[in-house]
Amino acid sequence: MDFTFTEEQRAAAEAARGVFAGVEPDAVPSPALTTGVVAEGFDRELWSRLAEADLLSLLLDEAHGGSGLDAIALCLVLRESAKVLARVPLLEHSAAAAAVQAYGGAKLADRVLARAGRGELVLTVAANGRTGHDPAELAVGARRDGPVWVLDGVQTAVPWAYDADLVVVPAHLEGTAAERTVLALIPREQDGVTLAEQVSTSGERLAELRLASVRIAADDVIETDGAWEWLHALLTTGTCALALGLGERVLRMTAEYTGKREQFGYPIATFQAVAVQAADRYIDLRAMEATLWQAAWRIASGATGVLPAAGDVAVAKIWAAEGVRRVVQTAQHLHGGFGADTDYPLHRYHAWAKHLELALGPAAAYEERLGDLLAAHPLG
């Protein structure tokens, strides 16, 4: 494996750093001081700048106005976004558009992709199931009724649902012996769609999505086998990229603080106990990075291995979930009381880290998934 980034991938990361350079993590009220959501919607001004920099169309082909890049490029951009706690649906939007391109029909692609790449149409994905612990595709049922599909069910913790124009919803086929999943692109204001407000640990507005006999045209449903599995893998890997970027920024904040904070006449960074804890977290971040690029490379290249790509995605998510939690906990400890000061941004990073740790399932869920894969694909 060669994890050297291509010139195009490096250019995407550089463009992202330019766009995110002026973003302030303290731009919205603190989740620690706010009852309810910190803001009604996402950062539309930043969204426009991302569109102008062609960062919303990274994964789209040139035919749809995109750059034709891959999951690795997207993860490089997501990594930068998390360092400043960028409040935009970049991951969900990009992954949904990529799934439409890879698995959807020509009519759907023509209607959605170019507008999505320009940021005119906002996409999100309902990927957390009914409770956040059960498979998302089992939370909604779908059945054919002549020329349309009818969907019923509930999805919880849907990010940016109140701002999205289309929500991509995985659903299992009802009334058939085959275990198949379809992806339905549902307009937020479609008849039968109801949103109930939920709030994440970071203070962002989520939604419980309720579907009651929602009727969707056949052209707006992706029936291709493997579409949901691929989309879920990309979402999970993107979440790992967010965790890595957040963790790297937090460790840098910790290094800067401990390098200036003095006790007994010396910076506390020179104390062995402090240095060892920081070194352990650096190792966590390097493990998170290595497993992230392995997973992103499997998705981008389609390369085969002893285990399916889902195995590499599971390993990356295990490291990301546990690693980002350890990084922010150590940062809080080494900052002392200053880390709890709501005028200092560390508590925001801690809140976002907890959300990312549990997003799409905690580490334990992926440990079970990895165990199932190892049982099904013996390495010996």
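What you see is a predicted model, and the numbers here were worked out from it, not measured in a lab. (Residues numbered from 1 in each chain as written. Predicted model: local features only at pLDDT ≥ 70, side-chain atom pairs only at ≥ 80, totals over all residues. Heavy atoms only, no water.)

### Examining the side chain of Q9
Here comes step 1: Its place among the elements puts Q9 in helix α1 (residues 7-20).
Here comes step 2: Looking at Q9, the relative accessible area reads 6%, which means it is buried.
Here comes step 3: Residues contacting Q9, with those up to four places away along its chain left out, are D70, I72, A73 and L76. (Helix = DSSP H or I, 4+ residues; strand = E, 2+ residues; numbered from the N terminus. Buried < 20%, exposed > 50% of the residue type's maximum accessible area, 1.4 Å probe, protein only. Contact = heavy atoms within 4.5 Å.)

### Regarding unusual backbone geometry
Here comes step 1: Even without being a glycine, D54 presents a positive backbone phi close to 60 degrees.
Here comes step 2: Along the chain, the position of D54 falls in the loop between α2 (44-52) and α3 (71-83).
Here comes step 3: Judged by relative accessible area, which is 43%, D54 ranks as partly exposed.
Here comes step 4: A positive phi angle is found at W160, which is not glycine, with a value near 60 degrees.
Here comes step 5: Here W160 is to be found in the loop between β3 (148-159) and β4 (166-173).

### Re the packing of aromatic side chains
Here comes step 1: All told, the structure shown has six aromatic pairs when counted by the stated rule.
Here comes step 2: If you follow R286 out to its NZ or CZ, it ends over the ring of Y282, 5.0 Å from the centre. (Phe/Tyr/Trp six-rings, centres within 6.5 Å; stacked < 30°, edge-to-face > 60°. Lys NZ or Arg CZ within 6 Å of the ring centre and 35° of its normal.)

### A closer look at the pairing of strand β6 (residues 193-199)
Here comes step 1: The pairing of β6 with strand β7 (residues 205-217) spans seven bridges and is antiparallel. Of the residues in β7, the one forming a bridge with V199 is R205.
Here comes step 2: Hairpin connection between β6 and β7: a loop of five residues separates the two successive antiparallel strands, and G203 in this loop has a positive phi of roughly 85 degrees. (Pairing = 2+ DSSP bridges.)

### Here we look at the pattern of salt bridges
Here comes step 1: All told, the structure shown has 27 salt bridges when counted by the stated rule.
Here comes step 2: With a shortest N-O distance of 2.9 Å, R17 and E14 are connected by a salt bridge. Here R17 and its partner E14 are both found in helix α1, three residues apart, which amounts to about one turn of the helix.
Here comes step 3: For E14, a relative accessible area of 48% puts it in the partly exposed group. (Salt bridge = Lys/Arg side-chain N within 4 Å of Asp/Glu carboxyl O.)

### Examining a nonpolar patch on the surface
Here comes step 1: A contiguous nonpolar patch, built from V306, L374 and L379 and spanning about 290 Å² of accessible area, is present on the exposed surface.
Here comes step 2: Tracing the backbone shows L379 in the segment after α10 (363-376). (Patch = residues over 30% accessible without salt bridge, like charges linked within 9 Å, V, L, I, M, F, W, Y side chains within 5 Å. Areas by Shrake-Rupley, 256 points an atom, 1.4 Å probe, with all protein chains shown as cover.)

### Describing the nonpolar core
Here comes step 1: F20, L50, V112, L231 and L246 are the most contacted members of the largest nonpolar core, which has 96 residues in total.
Here comes step 2: In terms of residue count, the dominant contributor to this core is helix α6 (residues 227-260) (15 residues).
Here comes step 3: Beyond its immediate sequence surroundings of up to four residues, L50 is in contact with V19, F20, L55, L56 and V88.
Here comes step 4: A142, A161, V167 and I186 belong to the second largest nonpolar core, which has 21 residues in total. (Core = buried A, V, L, I, M, F, W, Y, C linked by side-chain atoms within 4.5 Å.)

### Points about the environment of L138
Here comes step 1: Positionally, L138 belongs in the loop between β1 (123-125) and β2 (140-145).
Here comes step 2: Once the C-alpha coordinates of L138 and H172 are considered, the two residues, 34 residues apart in sequence, prove to be 5.8 Å apart.

### Brief notes about α10
Count 3.6 residues to each turn of an α-helix, and residues three or four apart come out pointing the same way.
Here comes step 1: Spanning 14 residues, α10 covers 20 Å between terminal C-alpha atoms, matching the ideal 20 Å at 1.5 Å per step.
Here comes step 2: For α10, the complete set of buried residues consists of A363, Y366, L370 and L373. Down the axis of α10, the buried side of the element spans an arc of 80 degrees, and every buried residue falls inside it. Along α10, the residues that are exposed and aim more than 90 degrees away from the buried face are E368, D372, A375 and A376. (Expected span 1.5 Å × (residues − 1). Arc of directions from axis to C-beta.)

### Quick look at the environment of D280
Here comes step 1: Turning to its location among the elements, D280 is positioned in helix α7 (residues 272-301).
Here comes step 2: By relative accessible area, D280 is classed as partly exposed at 35%.
Here comes step 3: Sequence separation of D280 and R249 is 31 residues, and the distance between their C-alpha atoms is 16 Å.

### Side note on the pairing of strand β5 (residues 181-187)
Here comes step 1: Counted residue by residue, β5 has six buried out of seven residues, so it is predominantly covered.
Here comes step 2: Bridge count for β5 against strand β8 (residues 221-222) is two bridges, and the pairing is antiparallel. Each residue of the ladder has a partner; that of A184, found in β8, is V221.

### What about the packing of helix α8 (residues 309-335) against α10?
A pair of packed helices is characterised by two quantities: the angle between their axes and the separation of those axes.
Here comes step 1: Packing of α8 against α10 leaves a shortest axis separation of 9 Å and a crossing angle of 155 degrees. Classified by the angle their axes make, α8 and α10 are roughly antiparallel. Helix-helix and strand crossings are classified by hand; for α8 and α10 the assignment is left-handed. Mapping the contact onto sequence places A310, G311, A314, V315, K317, I318, A321 and E322 in α8 and A363, Y366, E367, L370 and L373 in α10.
Here comes step 2: Split by residue class, the contact of α8 with α10 holds nine nonpolar, one polar and three charged. (Axes fitted to C-alpha atoms, helices over the stretch in contact; angles between N-to-C directions. Parallel < 35°, antiparallel > 145°, perpendicular 65-115°, else oblique. Left-handed = near helix turned anticlockwise from the far one by under 90°. Nonpolar A, V, L, I, M, F, W, Y, C, P; charged D, E, K, R; others polar.)

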